[in-house]
Amino acid sequence: MRKFTPNLPEFHRENSLFDNNYPVYYTIKGNKWKKPAYFFMGVLCSNKKNKYNIQEQEEVTIMKFTKMQGIGNDYVYVNCFEETVKDPAAVAKFVSDRHFGIGSDGLILIRPSEIADCEMDMYNLDGSQGAMCGNGIRCVAKYVYDHGIVDKTSLSIATRSGIKYVDLTIRDGKASMVKVNMGSPILTAKEIPVVAETEQVIDAPITVEGKEYHMTAVSMGNPHAIIYVDDVDSLDLEKIGPSFENHVCFPDRVNTEFVQVIDHHTVKMRVWERGSGETLACGTGACAVTVASILNDKVDGSKPVTVQLLGGDLNISWERDENLVYMTGPATTVFDGEIDLGFLGE
């Protein structure tokens, strides 16, 4: 990050986004409907504090970022080959806010690695650190290729759940589709973790808010509970999602996928992610759903499964002979920008 003292008259005061207590002024260069757009946000701080502990400071700190999305699962990405983020949890909470920040499902830092081509360090919108993000890792792969950090189409990315291997499809010199070896699914209850009397949790009953459901528990580096329902569109996830996430059965909380079977090769899902709430897509969740659907004989496991999410489709296959799950989907750059983080409390 670099520091500067802003020349206040250069900001467009008539474009204030918020009230006079915490004014934000911005300029946008480029056509916002075309890529790449350029976005700059400057925050001018008062002597009051809000939920991000904003304080008056004369000097502001600027962080460069890139907004990216994988079928609607959007994160703010920071190139930590060049930038330094001192407090990722606080930064994640601020930039994720869709009213006071940039707006995203979280923050992903792209770091150098001694064991892989790069490292993905992810944080949810509540500031908690995540272990793995399927949509996020596709965007990381696209970023490092498109920005020349790597110059190959098969690369390795270190995560908190191990090293993942990806293959890129290149179109017009940019990565467009990404296939990820997501590793082996974890089905042992204590390793997921989920509290259970059996070694595996497959189609097991669970009571939430007085109603009994049946769940299958799978970890793809992070815990998932898969629940089959007749109609995913009618669910009130804002009501039941937190109750699943914080259920006593899940010591580390859980991501919950609610799944409707369309046919033997297609399922439709909505997801409540721990630390983020409902999101448009979850790559690890789509992988967990595919594994669970094969285990429960909901789909034909001999062919790839199309998982329909609110933000788009992912193609998932579970190669049983090698016990590896592969995910294929798009990755998209939304815009690049700079944001003032100087007001965040130490």
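Cut-offs used in this document
- Residues numbered from 1 in each chain as written.
- Predicted model: local features only at pLDDT ≥ 70, side-chain atom pairs only at ≥ 80, totals over all residues.
- Heavy atoms only, no water.
- Helix = DSSP H or I, 4+ residues; strand = E, 2+ residues; numbered from the N terminus.
- Buried < 20%, exposed > 50% of the residue type's maximum accessible area, 1.4 Å probe, protein only.
- Contact = heavy atoms within 4.5 Å.
- Areas by Shrake-Rupley, 256 points an atom, 1.4 Å probe, with all protein chains shown as cover.
- Expected span 1.5 Å × (residues − 1).
- Pairing = 2+ DSSP bridges.
- Polar contact = N/O pair within 3.5 Å; in protein donor to acceptor, adjacent residues only side chain to side chain.
- pLDDT = per-residue confidence, 0-100.
- Disulfide = S-S within 2.5 Å.
- Salt bridge = Lys/Arg side-chain N within 4 Å of Asp/Glu carboxyl O.
- Patch = residues over 30% accessible without salt bridge, like charges linked within 9 Å, V, L, I, M, F, W, Y side chains within 5 Å.
- Phe/Tyr/Trp six-rings, centres within 6.5 Å; stacked < 30°, edge-to-face > 60°.

Focus on the overall build of the protein
Scanning the protein from N- to C-terminus turns up four helices and 20 strands. Expressed as a percentage of its 346 residues, the buried residues of the protein come to 55%. Restricting to contacts in the protein with at least 6 residues of sequence separation, those with at least 24 account for 62%. Of the roughly 15800 Å² that the protein leaves accessible, carbon and sulfur atoms contribute 46%.

Notes on helix α1 (residues 88-96)
A large share of α1 lies buried, amounting to seven of its nine residues. P88, A90, V91, A92, F94, V95 and S96 are the residues of α1 that are buried.

As for helix α4 (residues 283-295)
Taking 1.5 Å of rise per residue, 13 residues should cover 18 Å, and α4 covers 19 Å from first to last C-alpha, within 8% of that figure. Judged by how many residues are buried, α4 sits mostly within the fold: twelve of 13 residues are covered. Looking only at α4, the buried set comprises G283, T284, G285, A286, C287, A288, V289, T290, V291, A292, S293 and I294. One or two positions beyond α4, positive phi appears at D297, with a value near 55 degrees.

Focus on the pairing of strand β13 (residues 223-228)
In regular strands, side chains alternate between the two faces of the sheet. Among the six residues in β13, five count as buried, and that is most of the element. In this sheet, β13 lies alongside strand β12 (residues 211-219) in antiparallel orientation, the contact comprising five bridges. Looking at β13, one finds that M215 is bridged to I227. Two successive antiparallel strands, β12 and β13, enclose a turn made up of three residues, where G221 displays a positive phi of approximately 100 degrees.

Thoughts on the side chain of E245
Of note, E245 is situated in helix α3 (residues 237-245). Overall, the relative accessible area of 7% leaves E245 in the buried class. Among the polar contacts listed, one links the side chain of E245 to the backbone nitrogen of G275, at a separation of 3.0 Å. E245 has contacts with R253, V254, T256, W272, E273, R274 and G275, leaving out every residue within four places of it along the chain.

Description of the confidence of the model for the protein
In regions of low pLDDT, the predicted coordinates are not meant to be interpreted in detail. Model confidence for the protein is summarised by a mean pLDDT of 86, while 82% of its residues fall at 70 or above. Taken together, the stretch residues 1-58 has pLDDT below 50 and engages in 116 contacts with residues farther than four places along the chain or on a different chain.

Topic: the environment of D231
The residue D231 is located in the loop between β13 and α3 in this model. Separated by 38 residues in sequence, D231 and M269 have C-alpha atoms that sit 9.6 Å apart.

Re the state of the cysteines
By definition, a disulfide links two cysteine residues through a covalent bond between their sulfur atoms. According to the stated counting rule, one finds zero disulfides in the structure shown. C133 forms no disulfide, and the closest cysteine sulfur to it belongs to C282, at a distance of 6.7 Å. Using a relative accessible area of 5% as the deciding quantity, one classes C133 as buried.

Looking at the pattern of salt bridges
Applying the stated criterion across every chain, the model contains ten salt bridges. Where K152 meets D117, a salt bridge forms, and the shortest distance between an N and an O atom there is 3.0 Å. Here the residue K152 occupies a position in the loop between α2 (134-146) and β8 (154-159), and D117 occupies one in the loop between β6 (106-111) and β7 (118-124), the gap between them amounting to 35 residues. The exposure class of K152 is partly exposed, given its relative accessible area of 38%.

Some remarks on a nonpolar patch on the surface
Residues I115, I163 and Y165 make up a contiguous nonpolar surface patch of about 310 Å² in total accessible area. When you line up the elements, Y165 lands in strand β9 (residues 162-171). Looking at Y165, the relative accessible area reads 47%, which means it is partly exposed.

Focus on the side chain of N79
Take N79: it is sitting in strand β5 (residues 73-79). When its relative accessible area of 8% is taken as the criterion, N79 is described as buried. There is a polar contact of 2.9 Å between the side chain of N79 and the backbone nitrogen of F81. With sequence-adjacent residues up to four places away left out, N79 is seen in contact with I110, Y143 and I149.

Some remarks on the packing of aromatic side chains
Going through the model one piece at a time under the given rule, you end up with four aromatic pairs. Ring centres 6.4 Å apart and planes at 70 degrees place the aromatic pair Y75 and Y77 in the edge-to-face group. With 5.3 Å between their ring centres and 85 degrees between their planes, F244 and F258 make a pair best called edge-to-face. Taken as a pair, F244 in helix α3 and F258 in strand β14 (residues 255-263) lie far apart in primary sequence, 14 residues in all. Both residues of the pair, F244 and F258, belong to the buried class. Connected via pairs of aromatic rings, a cluster forms that spans Y213, F244 and F258.

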